[in-house]
Protein chains: 2
Amino acid sequence: MNTNKKYIDQLSIDCVVFGYTHNQLKVLVPKLDFEGDFWALPGGFILQEEGIDKAAQRILEDRTGIKDIFLEQYGVFGEVPRNNLDLLNTLRATNEDKFSALKLKDYTFEWLSQRFISIGYYTLVDINKVVPKLTDIDQSIDWCDIKNLPNMILDHRKQVGKALDAMCLNLDSKLLGFNVLSEKFTMKELQHLYETVYDKSFRRSNFQKKMLDLDILDRQEKKFTGAANKAPYLYSFKQKTN
Amino acid sequence: MNTNKKYIDQLSIDCVVFGYTHNQLKVLVPKLDFEGDFWALPGGFILQEEGIDKAAQRILEDRTGIKDIFLEQYGVFGEVPRNNLDLLNTLRATNEDKFSALKLKDYTFEWLSQRFISIGYYTLVDINKVVPKLTDIDQSIDWCDIKNLPNMILDHRKQVGKALDAMCLNLDSKLLGFNVLSEKFTMKELQHLYETVYDKSFRRSNFQKKMLDLDILDRQEKKFTGAANKAPYLYSFKQKTN
DNA sequence: TCAAAAGTGTTCGATCTACACCCATGC
DNA sequence: GCATGGGTGTAGATCGAACACTTTTGA
């Protein structure tokens, strides 16, 4: 990677990709292609000519294959001497062969080992609609349950927490932007999503009322499942009118 | 200014300092030492060894003399090709003498004219407790009424709006950190502050109840003003117990 | 005793919470 | 019919807005 002025120095972007399926909230965690517990958030750098939101989208696509997804910024982190030097040295020490095979130029190593300030982005997707792609620099890429995350490098684990806090804040107004339910869904499916994200349960009847009162749903046809009970309506998100 | 690796490249900090006094909300706006409407937020760059919050504090002190103030981050801005080149060229064109007197080294000019990504911080202070200092690079430094801001460079005016939005969000929990009222204050003074920040009026009795319910105030002795009416209590913020 | 401002209480309505009641569906 | 789950309604609590009442102060 020739990083000489192609990217902005000492500034990185980290993406927290929340994935939802069947009452489970997961986080997309690639594992760096080295032996050892080197799990890291998908991240990258900002091109000189590129807006930061666009950069976040590109990075997400490069590292995971996920395209055209709305990401939301949740903060900038540059307090601690957040630097990669220790990490790089650990990688070199524990994975001598692989590391030297990378043939990192000295200036690339130096570039990477600088102090970095990181801009955090998160998004929420439907695991079933998104297939993460494994790229060169990763050994694996997995959906990890949010309650059972592996050891992650640097402050990445804390970042997940902060991203989750940001997502919970006013989730109603963000769901539209994300890509997390089918086009049409039942109220129950929506409720399960909320319950999973907030990690608490809601009363069925009150949840329904609250959602309808938000005036963001269009009621569609009923969904007949073949089960011996009343068929639920399907809903879709209203198109934004502004 | 020798910027060669002393500061982090292409990353800047802008500070919005809200000043409050007597039902007026103002913003501290230095004017660059050039002829023309070059008003700018106090800003600066991040030292290599310095956390970003610390950097914001240092910048604020360097540019305004205001010390030991809690600043809060309100966002990162790097969408537009935010760059200073046009600004620098305009300065050079309209202020040839002054500009050349600066004797900017070529590399400094280049450094400054790069694209910059900016981290925004804001704070709120009591105008009467804070005396802004004029520094070399500014012609003047003034408290400008928030409703009557001068033309500001780049997107700085928009930044003020965003900072204000952030400040209004959950002001209750932030007031403690800022340095904006006397140690002891009356409920009326507190109410005026709120009314000024939110630019709307509140019912006296309801405001009182709400504030007391927040459980962040300690009631102190009464304040006898000599006026022919009931003496108000003084209040102080509770010390944080966590 | 009075005016002015501060402190407290009361009413009304909206909203949230818990629960109950009705509906549709397939067996 | 009946069990199952979905949709809606309702009583009680809670919260905030508007307003009224009481208390304190110095003239």
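Residues numbered from 1 in each chain as written. Chains lettered and ligands numbered in written order. Predicted model: local features only at pLDDT ≥ 70, side-chain atom pairs only at ≥ 80, totals over all residues.

Going by the annotation in an unreviewed UniProt entry, the name recorded for chain A is NUDIX hydrolase, with Sediminicola luteus given as the source organism.

Novice: Account for the overall build of chain A, naming residues and giving values.
Specialist: Counting its regular elements, chain A contains seven helices and eight strands. Each principal axis of the C-alpha atoms in chain A carries an extent, and together these give about 65 × 35 × 30 Å. Here chain A, with 242 residues, has 28% of them falling under the buried criterion. Taking contacts inside chain A between residues at least 6 apart in sequence as the whole, the part at least 24 apart equals 75%. (Helix = DSSP H or I, 4+ residues; strand = E, 2+ residues; numbered from the N terminus. Buried ≥ 20, exposed ≤ 12 C-beta atoms within 10 Å, placed from the backbone. Contact = placed C-beta atoms within 7 Å.)

Novice: So, the protein's contact with DNA strand D: which residues are in play, and what are the values?
Specialist: Lining the immediate environment of DNA strand D, one finds 19 residues, of which Ser-205, Asn-229 and Lys-230 of chain A together with Ser-205 and Lys-230 of chain B sit closest. Elements represented by at least two residues in the surface near DNA strand D include exactly α6 (187-198) and α7 (204-214) of chain A together with α7 (204-214) of chain B. Among the residues forming the surface near DNA strand D, the class breakdown is seven nonpolar, seven polar and five charged. (Near = placed C-beta within 6 Å. Nonpolar A, V, L, I, M, F, W, Y, C, P; charged D, E, K, R; others polar.)

Novice: Give me the lowdown on the sheet that holds strand β8 (residues 217-222) of chain B, citing residues and values where you can.
Specialist: Residues and elements named next belong to chain B. Here we have three strands laid out as an open sheet, ordered β7-β9-β8, and antiparallel in their pairing. Each of the sheet's edge strands pairs with one partner strand only, and the pair in question is β7 (185-186) and β8. In the sheet, β8 pairs with strand β9 (residues 233-237) via four bridges, with the strands oriented antiparallel. Counterpart to Leu-217 in the pairing with β9 is Phe-237. (Pairing = 2+ DSSP bridges.)

Novice: I'd like to hear about the interface of chain A and chain B, residue by residue, with values.
Specialist: Quoted interface sizes are often the accessible area lost when the parts come together. Contact with chain A, which involves 15 residues of that partner, is made by 15 residues of chain B. When contributions to the side of chain A that touches chain B are tallied by element, the ones reaching two or more residues are β1 (7-21), α1 (52-64), β4 (72-77) and β5 (117-126) of chain A. At four residues, the largest contribution of residues to the side of chain A that touches chain B is made by β1 of chain A. A class-by-class count of the residues in the side of chain A that touches chain B yields six nonpolar, five polar and four charged.

Novice: Residues and numbers for helix α5 (residues 156-168) of chain A, please.
Specialist: Residue and element names in this part refer to chain A. The terminal C-alpha atoms of α5 lie 19 Å apart, and with 13 residues this matches the ideal 18 Å at 1.5 Å per residue to within 8%. Considered for burial, the residues of α5 that qualify are His-156, Gln-159, Val-160, Ala-163, Leu-164 and Met-167. An end-on view of α5 places all buried positions within 140° of arc, on one side of the element. Pointing more than 90 degrees away from the buried face of α5 are the exposed residues Lys-158 and Asp-165. On its buried side, α5 packs onto β1, β2 (24-32), β4, β5 and α6. Of the residues flanking the end of α5, it is Asn-170, one or two places downstream, whose phi is positive at about 65°. (Expected span 1.5 Å × (residues − 1). Arc of directions from axis to C-beta.)

Novice: Tell me about helix α6 (residues 187-198) of chain B, and please be specific about residues and values.
Specialist: Here α6 of chain B spans 16 Å end to end across twelve residues, near enough to the 16 Å set by a 1.5 Å rise per residue. Asp-199 of chain B occupies a position one or two residues after α6 of chain B and carries a positive phi of about 55°.

Novice: Provide a residue-level description of the protein's contact with DNA strand C, including the pertinent values.
Specialist: Taken together, the neighbourhood of DNA strand C is formed by 20 residues, with Ser-205 and Lys-230 of chain A together with Ser-205, Asn-229 and Tyr-233 of chain B sitting nearest. Only α7 of chain A together with α6 and α7 of chain B provide two or more residues apiece to the surface near DNA strand C. Tallied by class, residues from the surface near DNA strand C come to seven nonpolar, eight polar and five charged.

Novice: Describe the UniProt feature "domain: NrtR DNA-binding winged helix" (unreviewed entry) in chain A, naming the residues involved and giving the relevant values.
Specialist: Per the UniProt annotation, the sites labelled "domain: NrtR DNA-binding winged helix" (unreviewed entry) are residues 177-237 of chain A. Between the C-alpha atoms that bound residues 177-237 of chain A there is a distance of 10 Å. The span itself is 38% helix and 18% strand. (UniProt positions renumbered as here; feature names shortened; annotations may be inferred.)

Novice: Break down the relation of the copies chain A and chain B for me, citing the residues and quoting the values.
Specialist: Placing chain A over chain B gives an RMSD of 0.1 Å and needs a rotation angle of 179°, together with 0.0 Å of translation along the axis. Both copies of the chain, as the preceding transformation shows, are related through a two-fold rotation axis. Rotation axis and chain A: the residue whose C-alpha lies nearest the axis is Asp-9 of chain A, separated from it by 3.1 Å. Taken together, the interface assignments show that 100% of the residues at the interface of chain A recur at the interface of chain B, consistent with an identical surface on both copies. (Least-squares fit on C-alpha atoms with pLDDT ≥ 70 in both.)

Novice: If you had to explain the nonpolar core to someone new, which residues and values would you point to?
Specialist: Grouped together as the largest cluster of nonpolar side chains are 94 residues, with contacts concentrated most on Cys-15 of chain A together with Cys-15 of chain B. Setting aside residues up to four positions removed in sequence, Cys-15 of chain A forms contacts with Leu-41, Pro-42, Gly-43, Ala-56, Ile-59, Leu-60, Leu-71 and Tyr-121 of chain A. (Core = buried A, V, L, I, M, F, W, Y, C linked by C-beta atoms within 7 Å.)

Novice: For the packing of α6 of chain B against α7 of chain B, give the residues involved together with the corresponding values.
Specialist: All names here are of chain B. For the pair α6 and α7, the least separation of the axes is 10 Å and the interaxial angle reads 100°. Taken together, the axis directions place α6 and α7 in an arrangement best described as roughly perpendicular. When α6 is examined against α7, the residues Met-187, Leu-190 and Gln-191 are found in contact with a partner set consisting of Arg-204, Phe-207, Gln-208 and Met-211. Within the contact of α6 with α7, the residues separate by chemical class into four nonpolar, two polar and one charged. (Axes fitted to C-alpha atoms, helices over the stretch in contact; angles between N-to-C directions. Parallel < 35°, antiparallel > 145°, perpendicular 65-115°, else oblique.)

Novice: Please set out the environment of Lys-238 of chain A residue by residue, giving values where relevant.
Specialist: Residues and elements named next belong to chain A. Looking at the secondary structure, you find Lys-238 in the segment after β8 (233-237). Classification of Lys-238 as exposed rests on a count of 12 C-beta atoms within 10 Å. For the pair Lys-238 and Arg-219, spaced 19 residues apart in sequence, the C-alpha to C-alpha distance is 9.3 Å. What Lys-238 contacts, discounting residues up to four positions off in sequence, is Ile-216, Leu-217 and Asp-218.

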